[in-house]
Amino acid sequence: MGTTNSNAIQSAISSVAGNLAADDPLRLRIRDAAAAVRDTTPLAQSFTNFVTINFVANAQLAAGGTAAMSFLASDIVDIAAICGATYVNVGTLLPFYRHALREITAAFAETGHRWVLDPVAAGLGADRTAILTDMRATPPTIVRGNASEIITLAAMWELPVDDDNDLDDSRDSRPNGVESADDVESALGAAKALARFLASKTPDGEAAVAVSGAVDLVTDGETVYRLPGGSAMMTKITGAGCSLGGVTATYLCVADPLAAALGASLLYNRASERAAATSDGPGTFQQHFLDELWKVSPAAIASGDIVAE
Ligand SMILES: Nc1ncnc2c1ncn2[C@@H]1O[C@H](COP(=O)(O)OP(=O)(O)O)[C@@H](O)[C@H]1O
Ligand SMILES: Cc1ncsc1CCOP(=O)(O)O
Ligand SMILES: [Mg+2]
């Protein structure tokens, strides 16, 4: 981050023009979602990478939900019948995953089970590309990723991207491993195109895309919401994005996709700001962040800055 583009958006946001009113119905949906997570302790299962699997589970618990992790298609399909949503993260892959994920996502499409995809490192490796390309036929309810991942997934799925802001054919960047090589704003058109595509495939026409970074961007394909705030310390621990995907699935158990994506991202911004104020470095930050996920109230989550366009 830190490009001219992101500086411009940061300064536009600091004037907080367009910040949703305190009584906007969307804020009420977000507060209700956060309260419902606390009240009902929903289970969101995960098929996720083994670098950050423990942090994902801990973040889901600290946010108020519960966790179950598996890599077996039969487990995931059975658990889908008793949980509110599933989280799929392709950060670390093994040869049998393509078959397992085909079986899993086909079962979700058949039953209408809602799920969140984190397309970690999209664009790297023939097998990851094959797995993510397959998912176009059985897509998720929410895609959550960094800017490079969102841009790459929209291109992989050959979606029509029509915003001025988008990278053109001269784009030669590729994901920087699991980190983003692109600015959040440059993923605007890709995020909208992806959200529209997902919404066209879900049984109720509802879907969302969340692009994380210094200023997060969330869209249902129609309206774009920008969420400033948070802490750059999030980039100094592994699993900030992965666990945000897991917590988004926790919220999706009790809320519509847009409120779920916004609620989880707002929770992360508020908790990371509070953790950064009390920690000395990445180690204590990670601990304090889990504590703050636990402590932030539904009202505090719903009152974060949300700039609608
Ligand atoms: N520079 C930053 N300032 C504030 N928050 C950030 C910054 N970079 C990332 N974040 C936050 O860190 C979390 C993970 O985002 P990100 O680092 O983009 O994901 P990933 O780890 O998948 O690349 C999100 O909550 C996002 O808002
Ligand atoms: C380091 C790493 N390598 C493969 S998956 C992974 C974790 C990525 O976590 P995040 O996307 O949340 O930074
Ligand atoms: Mg990531």
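Conventions adopted
Residues numbered from 1 in each chain as written. Chains lettered and ligands numbered in written order. Predicted model: local features only at pLDDT ≥ 70, side-chain atom pairs only at ≥ 80, totals over all residues. Heavy atoms only, no water. UniProt positions renumbered as here; feature names shortened; annotations may be inferred. Near = heavy atom within 4 Å. Polar contact = N/O pair within 3.5 Å; in protein donor to acceptor, adjacent residues only side chain to side chain. Areas by Shrake-Rupley, 256 points an atom, 1.4 Å probe, with all protein chains shown as cover. 1 Å grid on protein atoms, 1.4 Å probe; cavity = no way out; pocket = protein on both sides within 12 Å on 5 of 7 lines; lining within 4 Å. Sits in = over half its atoms within 2 Å of the grid points. Core = buried A, V, L, I, M, F, W, Y, C linked by side-chain atoms within 4.5 Å. Buried < 20%, exposed > 50% of the residue type's maximum accessible area, 1.4 Å probe, protein only. Helix = DSSP H or I, 4+ residues; strand = E, 2+ residues; numbered from the N terminus. Contact = heavy atoms within 4.5 Å. Pairing = 2+ DSSP bridges. Right-handed = clockwise from strand over helix to strand, strands pointing away. Points joined across faces, edges and corners; volume = space filled by probe spheres on them. Nonpolar A, V, L, I, M, F, W, Y, C, P; charged D, E, K, R; others polar.

The name given to the chain in an unreviewed UniProt entry is Hydroxyethylthiazole kinase, with the source organism recorded as Bifidobacterium choloepi. Reading the Pathway (unreviewed entry) entry of the UniProt record for the chain gives the comment "Cofactor biosynthesis; thiamine diphosphate biosynthesis; 4-methyl-5-(2-phosphoethyl)-thiazole from 5-(2-hydroxyethyl)-4-methylthiazole: step 1/1."

The local shell around ligand 2 consists of N49, V51, T52, G91, T92, V178, T238, G239, A240, G241 and C242. For ligand 2, an oxygen atom lies 3.4 Å from a polar atom in the backbone of A240. In the complex, 79% of the free accessible area of ligand 2, which totals 380 Å², lies under the protein chains. Here ligand 2 occupies the largest pocket.

This next bit is on the nonpolar core. By size, the foremost hydrophobic cluster in this structure holds 50 residues, and its most contacted members are I30, Y251 and F289. Counting residues per element, this core draws most heavily on helix α10 (residues 257-276), at 11 residues. Once you skip the residues sitting within four places of it in the chain, Y251 turns out to touch A33, A34, V37, A260, G263, A264, L267 and I301. Counting 42 residues, the second largest nonpolar core, distinct from the first, contains V143, A190, A193 and L194.

A word on the pairing of strand β2 (residues 66-69). Note that strand β1 (residues 43-47) and β2 share 4 bridges and pair parallel. Counted as the bridge partner of A44 is A67 from β2. The handedness of the β1 to β2 crossover, carried by helix α3 (residues 53-63), is right-handed.

For the rest of this paragraph, the subject is the layout of surface pockets. Gaps left between atoms show up when a probe the size of a water molecule is rolled over them. For the largest pocket, the calculated volume is near 910 Å³. Contributing to the lining of the largest pocket are 39 residues, with E179, S212, M234, T235 and G241 lying nearest its centre. Looking at the lining of the largest pocket, the elements with two or more residues in it are β5 (142-146), α7 (147-156), α9 (240-252) and α10. When the residues that make up the lining of the largest pocket are grouped by side-chain class, the tally is 15 nonpolar, 18 polar and 6 charged.

Let us look at the site of ligand 1. Inspection of the region around ligand 1 gives 18 residues, with R144, N146, S212, D216 and M234 positioned closest. At 3.0 Å from an oxygen atom of ligand 1 is found a side-chain nitrogen or oxygen belonging to N146. Between ligand 1 and D216, the relevant distance is 2.7 Å, taken from an oxygen atom to a side-chain nitrogen or oxygen of the residue. Computed on the free molecule, ligand 1 has an accessible area of 540 Å², of which 86% lies beneath the protein chains in the complex. Here ligand 1 occupies the largest pocket. Secondary structure elements with two or more residues in the shell around ligand 1: β5, α9 and α10. For the shell around ligand 1, the element with the highest residue contribution is α9, accounting for 3 residues. Across the shell around ligand 1, the residue classes break down as 7 nonpolar, 9 polar and 2 charged.

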